[in-house]
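Close look at the chain arrangement
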Amino acid sequence: MEEHVRICHFRNHYELTRKNLMVKNLKRYRKSLERESGRLEAAKCDFFPRTFELPSEYHLFVEEFKRSPGSTWIMKPVARSQGKGIFLFRKLKDIMDWKKRTTLYSSNITQSLKSISNLLANELEPLVSKADQDGTRSEEQRDETQVESYVAQRYIENPYLISGRKFDLRVYVLVTSYIPLKAWLYRDGFARFSSTRFSLNSIDDHYVHLTNVAVQKTAPDYDPEKGCKWEIQKLRRYLTAKHGSDTIESLFKEIDNIFVRSLQSVQKVIINDKHCFELYGYDILLDQDLKPWLIEVNASPSLTASSQEDYEMKCRLLEDTLHIVDMEGRLTGREKRVGGFDLMWNDGPVYRDDVNLETLGLSCFPANTHLGCINDRDKQLRHILKPFPGQKKT
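Now for a description of the structure that goes with this document. (Residues numbered from 1 in each chain as written. Predicted model: local features only at pLDDT ≥ 70, side-chain atom pairs only at ≥ 80, totals over all residues. Heavy atoms only, no water.)

1. Notes on the packing of helix H2 (residues 19–37) against helix H10 (residues 245–266)
We count it as follows: For helices, the fitted line uses only the C-alpha atoms of the stretch in contact; every axis is such a line through C-alpha atoms, and the angle between N-to-C directions lies from 0 to 180 degrees. In DSSP terms, a helix is any run of H or I states spanning at least four residues, a strand is any run of E spanning at least two, and both are numbered starting from the N terminus. Note on terminology: angles under 35 degrees are roughly parallel, angles over 145 are roughly antiparallel, angles of 65 to 115 are roughly perpendicular, and the others are oblique. We call two residues in contact when some of their heavy atoms are within 4.5 Å. When residue character is reported, Ala, Val, Leu, Ile, Met, Phe, Trp, Tyr, Cys and Pro are called nonpolar, Asp, Glu, Lys and Arg charged, and the others, Gly included, polar.
Where H2 contacts H10, the two axes come as close as 9 Å, and the packing angle between them is 95°. Here H2 is positioned roughly perpendicular relative to H10, judged by the angle of their axes. Seen from H2, the contacting residues are Asn25, Leu26, Arg28, Tyr29 and Leu33; seen from H10, they are Arg261, Ser262, Gln264, Ser265 and Val266. Split into classes, the residues belonging to the contact of H2 with H10 amount to four nonpolar, four polar and two charged.

Structural data, given as structure tokens:
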């Protein structure tokens, strides 16, 4: 591979972006922190709900379920997106019905495959063997014979509401290296709102509980002109006006902590490659106590625009991503900011230039983050980018 070539994915990016593997890695990382640094440090990873992988952890899930009768849980397929296959439940009967359907489905697939195998063994065996030896069978083809896994997760029953509606945040994090870890946080993002007022009395209504745009735009009262999003700058202004700047600064530091800890949880397992980068779409939910929860991390966040404002933001995001990937060699490598991206971790926390390090406690996380702040990227880009050969700098 030539030096300038870049690929938008690390080879095993799914260690963070598949729901079951993300939780597995976070649990392992939290245990190692507790062992090496104590419970106080491990508590900084308590930002994801209680989660079990099904069907493999079904019995552990049942034990936990019985400890909190009446609570609400949410089931999600580990490798699907846009709200597909998700449902909420409160009764063990609902999950037992799902388990029976899964077992029946698995049994039917197994029987069908056995029949096909016996019928066509002579014709298919040489081809299958050759494909496996050559490594030409795709991961998707190998997974076709496996039963789809789900995660069962404690549902956040007390989400922060605005005008009675639930929302979550979509935030963009760009990783250009895992060894050493180098991560950038984008200033722009958005809050995705449900179209129906929140209530726990209707757990079957996806328009109440799922904020995915793919779900909300099918609601009967959805208005495509208004959409269902707020710019994250608007959300930050709203929260600051209601709760004060100190409280919201603390909230956004906790969100920064989620980004860094989640990346550190997979740092030792991701296959690093200098030719690879990853643009993650983080989904964060706030509860009524202003505690942020990590819902999931997307490896291929949607770049489909739902409005002109959304279109412009995503164009800026893509342009700034390519500036940082820097296939033309226009950057020095010492930048703390490129366009709308701020360098938040570079083999250690990155602080703002105007910060007095002596006043920072050891527990502080990167200060060089400006999520939801003004994105004056055009002026900044003109200042840092070297012109192409033969091009005059404006």
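Moving on from the model shown.
2. Things to note about helix H9 (residues 232–243)
For an α-helix, the turn length of 3.6 residues means that residues three or four places apart are oriented alike. Our working definition: The span you would expect from a helix comes to 1.5 Å times its residue count less one.
Helix length check: H9 (12 residues) gives 16 Å between terminal C-alpha atoms against 16 Å at 1.5 Å per residue, within 8%. Those residues of H9 that are buried are in contact with strand E6 (161–162), strand E7 (165–178), strand E8 (181–193), strand E9 (229–231), H10 and strand E10 (276–286).

3. Topic: the sheet that holds strand E2 (residues 51–54)
Note the cut-off: Two strands pair under a simple rule: DSSP has to find at least two bridges between them.
The strand order across the open sheet built from four strands is E2-E5-E3-E4, with neighbouring strands paired in antiparallel fashion. With one partner strand each, in any of the chains shown, E2 and strand E4 (87–89) form the two edges of the open sheet. Across the sheet, the mean angle separating the axes of adjacent strands is 25° when strand polarity is ignored. Direction of pairing for strand E3 (residues 73–77) relative to strand E5 (residues 150–154): antiparallel, over a ladder of five bridges.

4. Examining the packing of aromatic side chains
Filter applied, for reference: The aromatic pairing rule takes the rings of Phe, Tyr and Trp, using the six-membered ring of Trp, and pairs them if the centres are within 6.5 Å, calling planes under 30 degrees apart stacked, those over 60 edge-to-face and the rest tilted. Burial here depends on accessible area, computed with a 1.4 Å probe over protein chains only, as a share of the maximum for the residue type. Under 20% is buried, over 50% is exposed, and the range in between is partly exposed. Whether a charge lies above a ring is judged from NZ of Lys or CZ of Arg, which has to be within 6 Å of the ring centre and within 35 degrees of the ring normal.
In this structure the tally under the stated criterion is 18 aromatic pairs. Arranged with centres 6.3 Å apart and planes meeting at 40°, the rings of Phe52 and Trp73 form a pair that is tilted. With Phe52 in strand E2 and Trp73 in strand E3, this residue pair connects regions lying 21 residues apart in the sequence. For the ring pair Phe65 and Trp73, a centre distance of 6.4 Å and an interplane angle of 40° mean the geometry is tilted. On the basis of relative accessibility, which here comes to 0%, the residue Trp73 falls in the buried class. Of the aromatic side chains, those joined through ring pairs into one cluster are Phe52, Phe61, Phe65, Trp73, Phe87 and Phe89. One Lys or Arg, Lys229, reaches over the ring of Phe190 and ends 4.1 Å from the middle of that ring.

5. Description of the state of the cysteines
Stated formally: Two cysteine sulfurs form a disulfide in these notes if their separation is within 2.5 Å.
Following the criterion strictly, the structure yields zero disulfides and no others. Free cysteine Cys276: the closest other cysteine sulfur is in Cys8, separated by 9.3 Å.

6. Some details on helix H11 (residues 308–325)
The end-to-end C-alpha distance of H11 is 26 Å, a good match for the 26 Å that 18 residues give at a rise of 1.5 Å each. For H11, the full list of buried residues reads Asp310, Met313, Lys314, Leu317, Asp320, Thr321, His323, Ile324 and Val325. Once H11 finishes, Asp326 follows within two positions and takes phi at roughly 55°, a positive value.

7. Quick word on unusual backbone geometry
The omega torsion across Leu54 and Pro55 is 10°, close enough to zero to call that bond cis. Among the structural elements, Pro55 can be located in the loop between E2 and helix H4 (58–67). The phi dihedral of Ser163 falls on the positive side, at around 55°, and the residue is not glycine. Relative to the elements of secondary structure, Ser163 occurs in the loop between E6 and E7. At Asp326, a position not held by glycine, the phi torsion is positive, near 55°. Checked against the element boundaries, Asp326 lands in the loop between H11 and strand E12 (337–338).

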